[in-house]
Amino acid sequence: MATFDGWDPSQYNRFAAQREQPFWDLARLVRAVSSPAVVDLGCGDGRLTATLGETLGAAATLGVDSSPAMIDRARSHASESVRFELGDIGVWEEREAFDVVFANASMQWVPDHRAVMRRWAGSLRPGGQLAIQVPSNADHPAHLLAEELAREVLDDPPPDAVARNVLAPETYAELLDELGFHEQHVRLQVYVHRLSSSVDVVEWMKGTSLTRFKEPLGDVGWEHFVSVYRERLISRLGDRRPYLYPFKRILMWAQRS
Ligand SMILES: C[S@@+](CC[C@H](N)C(=O)[O-])C[C@H]1O[C@@H](n2cnc3c(N)ncnc32)[C@H](O)[C@@H]1O
């Protein structure tokens, strides 16, 4: 895949503990079935993918991600029953190939969730389960200030994926019903991440949402952007130690009949 890879697994993993909680909350929604075939879409560095496969007792687990840096790391977690491949989850589908389609903190990066979820649903075998978690926090100052600053320094800044792509929880519930899932669970949950200081929000954002600015800004522009962003964010949030970072997420689960 020839796209720019702004993902830095080490930066992303600085907040691994906080990011893991929703992953496991989502995994707990999946009902136990015998030796399922599991796919983890937007699997990142694969560490959680391999553990998910073990936890669900999977016969086969596939991790898919579009970042070569993430997939390179992920391959160190491959085994006889766990494999990884590069792919674009925005167009991914494998007709009736899986018992569990799982996507934690990845679907927000792709547009048109109606079409995406239709393809993912079609990749489930009868009785298969869909489990998806997306952030729903585009109204936090960390996102609003990044947008504001990007519009000042770039002619055509890449949009905030969460603001552009993520739907309301009730829209996902309707969509799951339209897709023929008659059993479902959709909830909005507020995670309160206790960070050591408000400055840590900058480091958090550098590992995810801000990655989209790296390429258009170039190295020098990126350093400047981060420094102005840090100043504005601290002036908005205050220099708080610790800082409770409230983070809204939508968790959804549904099972095919
Ligand atoms: C926030 S990380 C989540 C990683 C992992 N699921 C976890 O819970 O730790 C988002 C991942 O989605 C991947 N991603 C973003 N857009 C993608 C796309 N169009 N196709 C495949 N993967 C994508 C990124 O490369 C990144 O690894």
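Rules used throughout
Sequence order as written defines residue numbering, which begins from 1 separately in each chain. Whole-chain, interface and lining totals are the exception, using all residues; otherwise, since this is a predicted model, local features are given only for residues with pLDDT of at least 70 and side-chain atom pairs are given and counted only at 80 or more. Neither water nor hydrogens contribute to the side-chain values; these are computed over all heavy atoms in the structure. For the purposes of this description, domain bounds are those given by an automatic or database domain assignment. In what follows, residue pairs with any heavy atoms lying within 4.5 Å of each other are defined as contacts. Salt bridges are defined by distance alone: a side-chain nitrogen of Lys or Arg within 4 Å of a carboxyl oxygen of Asp or Glu. Each polar contact in these results corresponds to two N or O atoms within 3.5 Å; when the atoms are within protein, one needs to be able to donate a hydrogen and the other to accept it, and residues that are neighboring in sequence are counted only if both atoms are side-chain atoms. Going along the chain from the N terminus, every DSSP run of H or I of four or more residues is numbered as a helix, and every run of E of two or more is numbered as a strand. We call a residue buried when its accessible area falls under 20% of the maximum for its residue type, exposed when it is over 50%, and partly exposed in between, using a 1.4 Å probe and counting protein chains only. A strand pair is defined by DSSP finding two or more bridges across the two strands. Think of each axis as a best-fit line through the C-alpha atoms, taken over the contacting stretch in the case of a helix, with angles from 0 to 180 degrees between the N-to-C directions. Note on angle classes: values under 35 degrees are labelled roughly parallel, values over 145 roughly antiparallel, values of 65 to 115 roughly perpendicular, and the remainder oblique. In this scheme the handedness of a crossing depends on how the near helix is turned from the far one: anticlockwise by less than a right angle means left-handed, clockwise means right-handed. Nonpolar residues are Ala, Val, Leu, Ile, Met, Phe, Trp, Tyr, Cys and Pro. Charged residues are Asp, Glu, Lys and Arg, and all others, Gly as well, are polar.

Engineer: Would you explain the domain arrangement of the protein in this entry?
Structural biologist: Accessible area lost on assembly of the parts is the figure often given for the size of an interface. Here the protein is partitioned into domain 1 (1-135 + 167-193 + 247-257) and domain 2 (137-160 + 197-241). One C-alpha centre belongs to domain 1, the other to domain 2, and the line joining them spans 26 Å. Each side of the interface is counted separately: domain 1 has 16 residues, and domain 2 has 12 residues. One can count 1 salt bridge joining domain 1 with domain 2. Asp 139 is the salt-bridge partner of Lys 248, the closest N and O atoms lying 2.8 Å from each other. Remark: the boundary between domain 1 and domain 2 carries 1 residue pair in polar contact (both at pLDDT 80 or more). Those elements giving two or more residues to the side of domain 1 that touches domain 2 turn out to be α1 (9-12), α2 (16-27) and β7 (243-255).

Engineer: Mind showing me how you'd approach the pairing of β7 here?
Structural biologist: The side chains of a regular strand alternate between both faces of the sheet. Within β7, 10 of the 13 residues are buried, which leaves it mostly tucked inside the rest of the structure. Bridge count between strand β5 (residues 124-135) and β7: 7 bridges; the pairing is antiparallel. Bridging across to β7, Ala 131 finds its partner in Trp 253. Taken together, the 13 bridges between strand β6 (residues 183-195) and β7 define a ladder with antiparallel strand orientation. Residue pairing across strands places His 193 opposite Tyr 245, the latter belonging to β7.

Engineer: How should the packing of helix α5 (residues 113-122) against helix α8 (residues 169-178) be read in this particular structure?
Structural biologist: Two measures define how a pair of helices packs: the angle their axes make with one another and the distance between the axes. Relative orientation of the contacting elements α5 and α8 amounts to 40 degrees, with a least axis distance of 11 Å. Classed by the angle they form, the pair α5 and α8 counts as oblique. For the element pair α5 and α8, the recorded crossing hand is right-handed. Where α5 abuts α8, its residues His 113, Arg 114 and Met 117 lie against Thr 171, Tyr 172, Leu 175, Leu 176 and Glu 178. Here the contact of α5 with α8 is built from residues that sort into 4 nonpolar, 2 polar and 2 charged.

Engineer: How do you make sense of the side chain of Asp 25 when you look at a structure like this?
Structural biologist: Within the fold, Asp 25 resides in helix α2. Here Asp 25 falls in the buried class, since its relative accessible area comes to 10%. A polar contact of 2.6 Å, which involves the side chain of Asp 25, links it to the side chain of Arg 28. Looking at Asp 25, its side chain comes within polar contact range of the side chain of Tyr 191, at 2.6 Å. Every residue in contact with Asp 25, bar those within four places of it in the chain, is listed here: Arg 187, Gln 189, Tyr 191 and Leu 251.

Engineer: So what exactly am I meant to see when it comes to the pattern of salt bridges here?
Structural biologist: Pairing is possible between side chains that carry opposite charge, provided their charged atoms lie close to one another. Within this structure, the stated rule accounts for 15 salt bridges. As a salt-bridge pair, Arg 256 and Glu 96 come within 3.5 Å of each other at their nearest N and O atoms. Residue Arg 256 is found in the segment after β7, and its partner Glu 96 is found in the loop between β3 (82-86) and β4 (98-104); the two are separated by 160 residues along the sequence. Classification of Arg 256 by relative accessible area gives partly exposed; the value is 24%. When its relative accessible area of 37% is taken as the criterion, Glu 96 is described as partly exposed. Taken together, the salt bridges that share partners define one network made up of Glu 147, Arg 151 and Arg 212.

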